[in-house]
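Chain residues, written in single-letter form:
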Amino acid sequence: MNISRRTFLGGILVVSVPVALPGSAQAAEEFAPNVFVRVDERGRITATAPKPDSGQGVRTVVALLVAEELMVGPGDVRVEQAHGDTARFGSQGVGNSFSARQLHEPIRRAAATARCLLVAAAARRWGVPVEECAARDGAVRHGRRVLRYGSLVRDAAALDPATVPVALTPPERWRLLGRTKAGRVDAKAIVTGKARYGIDSRPPGALVAVVLRPPWIGAVVDSVDDGATRAVPGVVAVTALDPATSGQGGVAVIARSVPEALRGREALRVTWRGGTPTADSRQWLADLKTALPAVPTAPGPIAFTATYELPLLAHAPMEPMNATAHLTDTGLTVWTPTQDPGTLRAVLAGQLGLAQADVRVEATLAGGAFGRRIEPDPVLEAVACSRVAGAPVSVLWTRDDDMRHDSYRPMSVHRLSAVVDADGVPTWRAHGVATWPLTIFPFFNNPAIVKASGDHFPYTVPGQVDVALRDAPLRTGFWRAVYAGHFQYAEECFLSELGHRAGLDQVDLRRRLLPADSRLRRVLDAAASRAGAVPRGATRGVACHDDYGSVIAVVADGVDGRVRRVTAAVDVGPVLHPSGVRAQVEGGVMDAVSTVSGAQITVRDGRVVQSSFRDYAWARIDQAPDVDVVLVSSDAPIGGLGELAYPPAAAAIASATGRPVAGMPVGVEVG
């Protein structure tokens, strides 16, 4: 996480910090040996989560890491969310399945530092060797003598940390990590409505804004008649948003309540110009087919060629986009469900000409993200509205706004060809893809960057990957698994079709293409073993994925075109939170169910057709198959997981229909 020693020990000079405790008239002194862990005189332990939580369980992992090293239970650790500050907390971005990979070592070391200082303080008070003392259950013990952590706060804070060796608890002595069956530490708050999401975070006196957005792609405001809107009771202001500085443009209506803002928006009369009012996604697909790279010269006769078409996809998080901003003469405060509060803070400071010290970004819980909340457009809208209103303003997107003005997963077309041996096993493959880059991330305007996903092929089959990028005709952005969700889906579906044509068992086919001692072969064997023999009359789909430092194999069983059971085996290295791992895999499987069975975004007459979950066919609970997740532990470094399961789950489910797959969706029934 690029945390320097100075940053890590940033709190060591604070001998004590007064902290007001709920229900207490006086403050308690705190021992803060670093930026991630604090202990007060009552023995209460507070951990700071440097990265935001969008449902992947960051706060739970932080609580477990701290509880493990301080020898307490997860419930004994209060978790606070860090505000945006990369200089203090290191990288705060949530994406590319980095959270556990980046957090586990610095958070464990932070908690271990606190423990070792507390133990050293107790040993000094007793006048005994540190080696004879041990921490357990919120106290340091020496024989029958016991000192609670709270009673050691002042002594521990007075120690020089450079003189106290710090040792992490070895995995063989873990009590919680990899062993606890506990769910999320904030689960009760979430299900009872006490958890605060971005949509709940509104400071006293805040106004509310909604935006009338362009009716077709790329349209900009030509004229505004807001007379009727300003006459709506509760409406405070109306302002046009500049797409260059305030997200996607449109006209914002600022009011005292959500109903008043919506009524004001309905009364607006706006004319629009520019853009592409005749845009049609069917034409975009045809253009991508035309742009497909030519099939390269093969080292033998090509036995089979297939084409796969993948549609636009929306993120569709349960919590629509939102942000609250308060811009004053002295600075800016933002409350928002962001995936990267530190970078957002820097972006806002640069755009507004403020010092970063004058910008505060409070990262709230997020009701889903999937890559969408990396983008700052809701925050830019809130800042623009706050500037006009001279007060804090919450910008809220409706479901229709969220669905029709997303940064979509790009459309793509893939053509794969293969040379096979006498048994029908591929010995060479070519993969040509035509797609769009991620429009708001210039780094991805490079075909070599996109091609890297296609080159990341886990099997021992040589080949060639060629990419043709075309300018995206609408906003596209990160979507769970990014380009791996395109390439790996097409390649695994293609491999399954080759196996089907040759009459080969899908698991055995992949075993032949993987080294016997590979991690991927181990999880494939584990998934196949748990899934058992193919049920009578069933069709089996299989797919594997190696990415983010982790590996996974997915087996899906379908009967009469209906997928009923999905078995996944995953190796993420040492498992920190077993139920969290299972939840991430299950979430990836359900995204796969949704996109394979019907979800897609289409554009007609310049606008996105889908507007809600009524017509964006996301899976319902009755479509959920039985999902069985097998955890395969290893001594590999801790790997990522959030994006790992989607590509192979989608390919396995699509192939389990027993019918040739031509892309996505395939109309498979699931559940």
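Located above this text is the structure these notes cover.
As the structure is a computational prediction, the values presented were derived from the model and not from experiment. (Residues numbered from 1 in each chain as written. Predicted model: local features only at pLDDT ≥ 70, side-chain atom pairs only at ≥ 80, totals over all residues. Heavy atoms only, no water.)

## Structural notes on unusual backbone geometry
(1) Moving on: Along the chain, M664 connects to P665 via a cis peptide bond; the corresponding omega equals -5°.
(2) Moving on: In this structure, M71 is a non-glycine residue whose phi angle is positive, near 60°.
(3) Moving on: Structurally, M71 can be placed in the loop between α2 (58-70) and β6 (77-81).
(4) Moving on: With a phi angle near 60°, Y548 is a residue other than glycine that sits in the positive phi range.
(5) Moving on: Mapped onto the fold, Y548 is located in the loop between β23 (538-547) and β24 (550-559). (Helix = DSSP H or I, 4+ residues; strand = E, 2+ residues; numbered from the N terminus.)

## Points about the pattern of salt bridges
(1) Moving on: Following the criterion strictly, the structure yields 41 salt bridges and no others.
(2) Moving on: D155 serves as the salt-bridge partner of R125, at 2.7 Å between the closest nitrogen and oxygen. Remark: D155 occurs in helix α5 (residues 153-157) and R125 occurs in helix α4 (residues 99-126); sequence separation between them is 30 residues.
(3) Moving on: On the basis of relative accessible area, R125 is assigned to the partly exposed category, the value being 42%.
(4) Moving on: Across the pair E492 and R510 runs a salt bridge, and its minimum N-O distance is 2.9 Å. (Salt bridge = Lys/Arg side-chain N within 4 Å of Asp/Glu carboxyl O. Buried < 20%, exposed > 50% of the residue type's maximum accessible area, 1.4 Å probe, protein only.)

## Let's talk about helix α18 (residues 646-655)
(1) Moving on: α18 sits mainly inside the fold: 10 of its 10 residues count as buried.
(2) Moving on: Within α18 the residues assigned to the buried category are Y646, P647, P648, A649, A650, A651, A652, I653, A654 and S655.

## Notes on the sheet that holds strand β20 (residues 412-420)
(1) Moving on: In spatial order, the strands read β15-β20-β21-β22; together these four strands make up an open sheet with mixed pairing. Whereas interior strands pair on both sides, the edge strands pair on one side only; in this sheet they are β15 (304-310) and β22 (463-469). The mean angle between the axes of side-by-side strands here comes to 10°, regardless of whether they run parallel or antiparallel.
(2) Moving on: The pairing of strand β21 (residues 426-435) with β22 spans seven bridges and is parallel. Note on β22: the bridge partner recorded for H431 is V465.
(3) Moving on: Helix α9 (residues 281-290) rests against β15, β20 and β21 of the sheet, and its axis sits at about 35° to β20.
(4) Moving on: Relative to the sheet, helix α14 (residues 484-502) contacts β15, β20, β21 and β22, its axis offset from that of β15 by approximately 145°. (Pairing = 2+ DSSP bridges. Axes fitted to C-alpha atoms, helices over the stretch in contact; angles between N-to-C directions. Contact = heavy atoms within 4.5 Å.)

## Considering helix α8 (residues 258-267)
(1) Moving on: Every buried residue of α8 is accounted for by E260, A261, G264, R265 and A267. Along the axis of α8, the buried residues cluster in a sector spanning 160°; they form a single face.
(2) Moving on: Where α8 is buried, its residues touch β10 (207-212), α7 (227-230), β12 (235-241), β13 (250-255), β14 (269-273) and α12 (399-404). (Arc of directions from axis to C-beta.)

Function-wise, these values are silent; they only describe arrangement.
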